[in-house]
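Overview (structure and organization)
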Amino acid sequence: MDILNKIRESLQSGNDEKVRALTKEAIEERITPKEILDEGLIYGMDIIGKKYKAHEIFLPDVLLAATAMYAGMDLLRPMFIQEGIPIIGKVVIGTVQGDLHDIGKNLVGIMLKGAGFEVINLGNNVSPLKFIQTAKKENATVIGMSALLTTTMPVMKNVMDLLREEGLIGKIKIIIGGAPVSEEYAKEIGADAYGYDSVNAVETVKELIKNSKKFV
Amino acid sequence: MYLRLLLKMGGRVEGLLKRLKNGEILVSDGAMGTMLMERGLGAGEPPESFNLTRLPILHEIASLYLEAGADIVQTNTFGASPLKLSFYSLADKTEEINRNAVLAVRKIVGECAYISGSCGPSGKLLEPYGDTSDSEMYDSFERQMKALISADVDIICVETMTDLREATIAVKAAKTVSSSTPVIATMTFDPIPRGFYTVMGINIEEAVKGLTNAGADIIGSNCGNGIDNMIKIAREFREFSHLPIIIQSNAGIPEIKGNTVVYPETPEFMAEKAKELVSLGVSIIGGCCGTTPKHIRAIRKMVDSVG
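Residues numbered from 1 in each chain as written. Chains lettered and ligands numbered in written order. Predicted model: local features only at pLDDT ≥ 70, side-chain atom pairs only at ≥ 80, totals over all residues. Heavy atoms only, no water.

**Focus on the sheet that holds strand β4 (residues 173-177) of chain A**
Residue and element names in this part refer to chain A.
- Read from one edge of the open sheet, five strands run β2-β1-β3-β4-β5, paired in parallel fashion. Every interior strand has two partners, whereas the edge strands, β2 (118-121) and β5 (193-194), have only one.
- Taken strand by strand, helix α7 (residues 154-165) contacts β3 (142-146) and β4, and its axis lies near 175° from that of β4. (Pairing = 2+ DSSP bridges. Helix = DSSP H or I, 4+ residues; strand = E, 2+ residues; numbered from the N terminus. Contact = heavy atoms within 4.5 Å. Axes fitted to C-alpha atoms, helices over the stretch in contact; angles between N-to-C directions.)

This is the structure we're talking about:
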């Protein structure tokens, strides 16, 4: 079995020690960091995402795989910086003001990191101002908002309003998700996209970034 | 009505389990979080901050549920374990937050209802998939239990758990602090193609076994995906357990209606469906997200009419 395949396998079984050792080995074998990331770590995490979506595995398996992935990423990150390879994108995520639910949004964060994004997780009960200030400060391309309560969904519209006031519509893309949220609601408030689950959210963010690059 | 009053007079704590054993059905209260949001819960603020600064609102909510006919009224302490409070730098206020919550409900309900000390997830994940050790988790729950029990709470309610290990640690902490305080333990299950599982991968049979072994007196499920699923969940609990069962459903999966968002299940609908819970032998019926004093009133009416 080639080393990248071994990385994928060890990542899926959540063995962080092994992923770290194998990543090191791959670097020594002069496999490019990008290839290790794409064909090893991201590939493995993608399989985990699909299995989770199919209910074959549960959250603990995803969390263990994520820890293993971070172990490999930690070794690759300095090389990316050194070689000046840009990360594919920066995403600010959080659960909106008044809402205290965390699990779904954290899972989106894990999946985004697993796909190679840099993720700034603001936690729960995040005010519109905090979302936008952080995105501006960090130069993020996407804001991901989650709400699990119907009473807090309208806060998403407040974020859109503030974004409009600041003239940032289209510059910072907005994706929303959470149990009560829908495609229709995204359209209604003028958000750029809706992600119906953590795997779909990653696909959608990738699309958003691809499209936004066309306009830059 | 007279009978109910009479039964309530005979010793709070011993009374509860005996009443359930005798086949009585009790009604617990509805949502807390949404009530607090309607009453000014601000950005970046934990619901438990009301216990420090806005006690009259806790009095108001307790009296709404008491008037609606709840036999069991919960404290506003879902996130009042020091681990959870530490997200808001309030861990050092653990004792005050828990104590105030119990006293606030007691002031309203006196001896007319049981006070259930709510204890939700820590917000932290246990090792190896998280960074919290079993003993840290235990210490955190123990501290909350001590505060609740020393304020003379009647019942401990470990609720909305998805990780069975975390749930059993909380139940054991409660039982260690006071072996005579009845402990309710509920978990939240989602329907997936192969049955009901928590997000952490626990099914109902595993939950029953784990919670029972940890020492829980009453077990069941809360929150979830509406009353229809809760009926199925209750049936499975009944199949695997002889302990009294508690079901606290939310009022369905929220929907958008025009500009506002609503929980679809009306008080009448839930109460009608809850008849099935009664026929399954569920001992305590109450509400979760989206349920209001109106839901509790309707459930009370139904329970009184069948009982």
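**Observations concerning a negative patch on the surface**
- On the surface, D2, E25, E28, E29 and E35 of chain A cluster together to form a negatively charged patch.
- With respect to the element layout, E35 of chain A can be found in helix α3 (residues 33-53). (Patch = residues over 30% accessible without salt bridge, like charges linked within 9 Å, V, L, I, M, F, W, Y side chains within 5 Å. Areas by Shrake-Rupley, 256 points an atom, 1.4 Å probe, with all protein chains shown as cover. Salt bridge = Lys/Arg side-chain N within 4 Å of Asp/Glu carboxyl O. Lys, Arg positive; Asp, Glu negative; His and termini not counted. Charge placed at Lys NZ, Arg CZ, Asp CG, Glu CD.)

**Observations regarding the pattern of salt bridges**
- In this structure the tally under the stated criterion is 24 salt bridges over all chains.
- Residue K136 of chain A is joined to E166 of chain A by a salt bridge in which the shortest nitrogen-to-oxygen separation is 2.6 Å. Of the two residues, K136 of chain A is situated in helix α6 (residues 128-138) and E166 of chain A in the loop between α7 and β4; the sequence distance between them amounts to 30 residues.
- Two residues, R143 of chain B and E95 of chain B, come together in a salt bridge whose shortest N-O distance is 2.9 Å. With a gap of 48 residues between them, R143 of chain B in helix α8 (residues 134-150) and E95 of chain B in helix α7 (residues 94-109) connect regions that are remote in the sequence.
- Accessibility expressed as a relative area gives 37% for E95 of chain B, which makes it partly exposed.
- The network of salt bridges with common partners includes K157, D161 and R164 of chain A. (Buried < 20%, exposed > 50% of the residue type's maximum accessible area, 1.4 Å probe, protein only.)

**Quick look at unusual backbone geometry**
- Of the consecutive residues E127 of chain B and P128 of chain B, the connecting peptide bond is found in the cis state with omega at 5°.
- Here P128 of chain B lies in the loop between β3 (114-119) and α8.
- One non-glycine residue, R30 of chain A, lies in the positive phi region at around 65°.
- Along the chain, R30 of chain A falls in the loop between α2 (16-28) and α3.
- For R30 of chain A, a relative accessible area of 76% puts it in the exposed group.
- Positive phi outside glycine occurs at T160 of chain B, with the angle close to 60°.
- Relative to the helices and strands, T160 of chain B is located in strand β4 (residues 155-161).

Nothing here speaks to function; it is geometry throughout.
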